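Take a look at the letters that make up each chain.
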Amino acid sequence: MGVVIRQSFWSTLIVYTGVMIGFLNTLIILPRFLEVEEIGLIRLIQANAMMIVPMALLGMNGAYIKYHSSLKLEPKLNNQIITFQLLVILGGAFLAILLAYLNQDFIKALFEEKSSAYNKYLFITIIIFISQSFFDYFITYLWTQLNITFQNYLQEIQLRVVSLLIVLLYGFDLISLQWMIYLLASNYLVALVILLFYVFRNYQITLDFRLGQLKREWINKIIKFSAYSLTLTVGSSIFLNVSYSMTSTYLGLEENGILTVCIFIVTIIELPKRVIIQILAPILSENFAKNDREQIKKNYTSSSINLGLIGFLLMIGIITNLPDLFAIIPKGEVFQKGTSLIMVVSIARIAGMLLGVTPELLTYSKYYKSNIYIMIVGAVAMILLNIWLIPTYGIIGAGISILIAGLISQLSRFIVVLVKLKLSPFTQKHLILFLISTSVFLIISQTPFNLHPIANIMVRSIITVIIFGSLAYFLKVSSEVNAIIHKVIIQITKFF
């Protein structure tokens, strides 16, 4: 895990730089220059595109990670497999576009009553869908090269900076709403072109169309695991995006705009996990290939305690600062309706952080098929809960759906890993972490801060970090984090 932390340092820095840009864009610029309905419209276009990306990928990216340790030893075979998978993705994209075209009247009918503005931009959803499908495949390739920095730069900084500039153009009446949406879609295409140039320039990839030379054994393995991976990515896309579509359908674009901003706030909690998983996924694949159970156990426990530590700290900071945050962002009184939503979804995110790499353990173990059933149940639960709870309780219903469906999936995976692999990430340190988190939350939430909202956030956050960090350090919750702190202290003392 220490290696993972060192390798992910720059990516973490990039991701949180992206968070600051995203904060500026989502919580300041968008509410300042766009109506809440327009924010909801943009998110709906993006969410629907991301939800159908798996129909093009067809699990090919997951299969490449699964077998990369063997493919990297045979460059010719590697190039043929990549070519084969790209052709499959192209075919999947064509099929998805054809199905959308044939069912466009049905799709439009879903949104006509509450979110009719979306129906003018169905083709924009398709453009983003195609761009993101190939983008996702090639960032998977970079993961296998243990290179996550460049793709994080593209996703977290470039896409967000350009999006921010496009919104500013609209905000200052230099372009229309229609052109803003067109340019936002083009932003995804530009990112894909840059990624393709980077990959083909820096890595020994040559498209090899002599697919007749591929052994049937390899094609069967790729297709078999891709089918499994497809189910997971479909389920994941539903989890991440279906609430936006269903909120727009049942409640309208304004409520979807509120949901968009609130979910962005909560997403900050799980960003460290995204970075670490990008590094750990190929490492875990190799650990299972070598049957290195000791290293698997070590990575499992360390990922859980470290991600849990960061997650609790971020959750405390977010929830205790919510009143002041809504006081400073434009239209904060509107978005404040999502306070309960943020609290509910935060619980789901913390559960995911504490369970660390549980989904990846199942993916690369011989019990990977159980993931299919878990994901199907979770996805169906998410849809049914949304159908039931959103019309009844509004956007808090979407939050409750995310919490319940998330816990069903996360706990189911944990039980399978515990029973089948005899692995658990939990130790006494987790109890200590929970007690620290509870104590710090109670102290901070009950302490009055009567300064300007920005000053309140800064002072409250600094105090939270000092108290939480000191308790975690002296009670030795994480040896990896303590080691990093020691190094920082040594570097600081060199200046004195």
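Our subject is the structure that appears above.
Summary of the structure given here. Predicted model only: the values in this text are computed from it and were never measured.

1. A look at empty space enclosed by the protein
Part 1: Counted by the stated rule, this structure contains 3 cavities of 30 Å³ or more.
Part 2: In this structure, the second largest cavity encloses a volume near 50 Å³.
Part 3: Ile42, Ile45, Gln46, Ile124, Ile128, Ile181, Leu184, Ala185 and Tyr188 together form the lining of the second largest cavity.
Part 4: Sorting the residues of the lining of the second largest cavity by element identifies helix 3 (36-57), helix 7 (122-144) and helix 9 (177-202) as the ones contributing at least two each.
Part 5: In terms of residue count, helix 9 provides more of the lining of the second largest cavity than any other element does, 4 residues in total.
Part 6: Of the residues belonging to the lining of the second largest cavity, the class tally is 8 nonpolar, 1 polar and no charged.

2. Focus: the packing of helix 19 (residues 428-445) against helix 20 (residues 453-474)
Part 1: Between helix 19 and helix 20, the least distance of the axes is 10 Å, while the angle of their chain directions is 155 degrees. By the angle between their directions, the pair helix 19 and helix 20 is classed as roughly antiparallel. For the crossing formed where helix 19 meets helix 20, the hand is right-handed. Where helix 19 approaches helix 20, its residues Leu433, Ile436, Ser437, Val440 and Ile444 are matched on the opposing element by Arg460, Ile463, Thr464, Ile467, Phe468, Leu471 and Ala472.

3. Quick look at unusual backbone geometry
Part 1: Positive phi, normally seen in glycine, also occurs at Lys331, with a value near 60 degrees.
Part 2: Among the structural elements, Lys331 can be located in the loop between helix 13 (293-328) and helix 14 (332-335).
Part 3: Residues other than glycine seldom take positive phi values, yet Lys422 does so here, at roughly 55 degrees.
Part 4: Note on placement: Lys422 falls in the loop between helix 18 (395-420) and helix 19.

4. So, the pattern of salt bridges
Part 1: Overall, the coordinates contain 4 salt bridges when judged by the stated rule.
Part 2: Where Glu156 meets Arg160, a salt bridge forms, and the shortest distance between an N and an O atom there is 3.2 Å. Placement of the pair is Glu156 and Arg160 together in helix 8 (residues 149-171), with a separation of 4 residues, close to one helical turn.
Part 3: Overall, Glu156 belongs to the buried group, its relative accessible area being 9%.
Part 4: Arg349 is the partner of Glu270 in a salt bridge, and the nearest nitrogen-oxygen pair spans 3.5 Å.

5. Here we look at the layout of surface pockets
Part 1: For the second largest pocket, the calculated volume is near 770 Å³.
Part 2: Those elements that place two or more of their residues in the lining of the second largest pocket are helix 3, helix 5 (75-102), helix 6 (104-112), helix 7 and helix 10 (216-250).
Part 3: If you tally residues by element for the lining of the second largest pocket, the top one is helix 10, at 6 residues.

6. Things to note about the nonpolar core
Part 1: In this structure, Tyr137, Met180, Leu195 and Leu361 are the most contacted members of the largest nonpolar core, which totals 154 residues.
Part 2: Ranked by the residues each element gives to this core, the list is headed by helix 13, at 13 residues.

7. Brief notes about helix 4 (residues 60-71)
Part 1: In a regular helix each residue adds 1.5 Å, so 12 residues correspond to 16 Å; helix 4 covers only 14 Å between its end C-alpha atoms and thus falls short of that length.
Part 2: Of all 12 residues in helix 4, 10 are buried; the element is thus mostly enclosed.
Part 3: Among all positions in helix 4, only Met60, Asn61, Gly62, Ala63, Tyr64, Ile65, Tyr67, His68, Ser69 and Leu71 are buried.

8. A word on the side chain of Arg460
Part 1: Here Arg460 is to be found in helix 20.
Part 2: The class of Arg460 is buried, set by a relative accessible area of 6%.
Part 3: Non-local contacts of Arg460, meaning those with residues more than four positions away in its chain, are made with Thr320, Asn321, Asp324, Ile444 and Phe449.

9. Here's the deal with a nonpolar patch on the surface
Part 1: Residues Met55, Phe94, Leu95, Leu98, Leu99, Tyr101 and Leu102 make up a contiguous nonpolar surface patch of roughly 720 Å² in combined accessible area.
Part 2: At 6 residues, helix 5 tops the list of elements feeding residues into the nonpolar patch.
Part 3: Mapped onto the elements of the fold, Leu95 is located in helix 5.
Part 4: Exposure remark for Leu95: the relative accessible area of 45% places this residue in the partly exposed category.

10. What to know about the packing of aromatic side chains
Part 1: According to the stated counting rule, one finds 14 aromatic pairs in the structure shown.
Part 2: Seen in terms of ring centroids, Tyr64 and Tyr141 are 5.9 Å apart; in terms of plane orientation they differ by 45 degrees. Their pairing is tilted. Linking Tyr64 in helix 4 with Tyr141 in helix 7, this pair joins segments that are 77 residues apart in sequence. Both residues of the pair, Tyr64 and Tyr141, count as buried.
Part 3: Relative to Tyr198, the ring of Phe150 has its centre 3.8 Å away and its plane inclined at 10 degrees; by these criteria the two rings are stacked. Residue Phe150 is located in helix 8, and its partner Tyr198 is located in helix 9; the two are separated by 48 residues in the primary sequence.
Part 4: With a relative accessible area of 18%, Phe150 lands in the buried category.

The rules behind these values
- Residues numbered from 1 in each chain as written.
- Predicted model: local features only at pLDDT ≥ 70, side-chain atom pairs only at ≥ 80, totals over all residues.
- Heavy atoms only, no water.
- 1 Å grid on protein atoms, 1.4 Å probe; cavity = no way out; pocket = protein on both sides within 12 Å on 5 of 7 lines; lining within 4 Å.
- Points joined across faces, edges and corners; volume = space filled by probe spheres on them.
- Helix = DSSP H or I, 4+ residues; strand = E, 2+ residues; numbered from the N terminus.
- Nonpolar A, V, L, I, M, F, W, Y, C, P; charged D, E, K, R; others polar.
- Axes fitted to C-alpha atoms, helices over the stretch in contact; angles between N-to-C directions.
- Parallel < 35°, antiparallel > 145°, perpendicular 65-115°, else oblique.
- Left-handed = near helix turned anticlockwise from the far one by under 90°.
- Contact = heavy atoms within 4.5 Å.
- Salt bridge = Lys/Arg side-chain N within 4 Å of Asp/Glu carboxyl O.
- Buried < 20%, exposed > 50% of the residue type's maximum accessible area, 1.4 Å probe, protein only.
- Core = buried A, V, L, I, M, F, W, Y, C linked by side-chain atoms within 4.5 Å.
- Expected span 1.5 Å × (residues − 1).
- Patch = residues over 30% accessible without salt bridge, like charges linked within 9 Å, V, L, I, M, F, W, Y side chains within 5 Å.
- Areas by Shrake-Rupley, 256 points an atom, 1.4 Å probe, with all protein chains shown as cover.
- Phe/Tyr/Trp six-rings, centres within 6.5 Å; stacked < 30°, edge-to-face > 60°.

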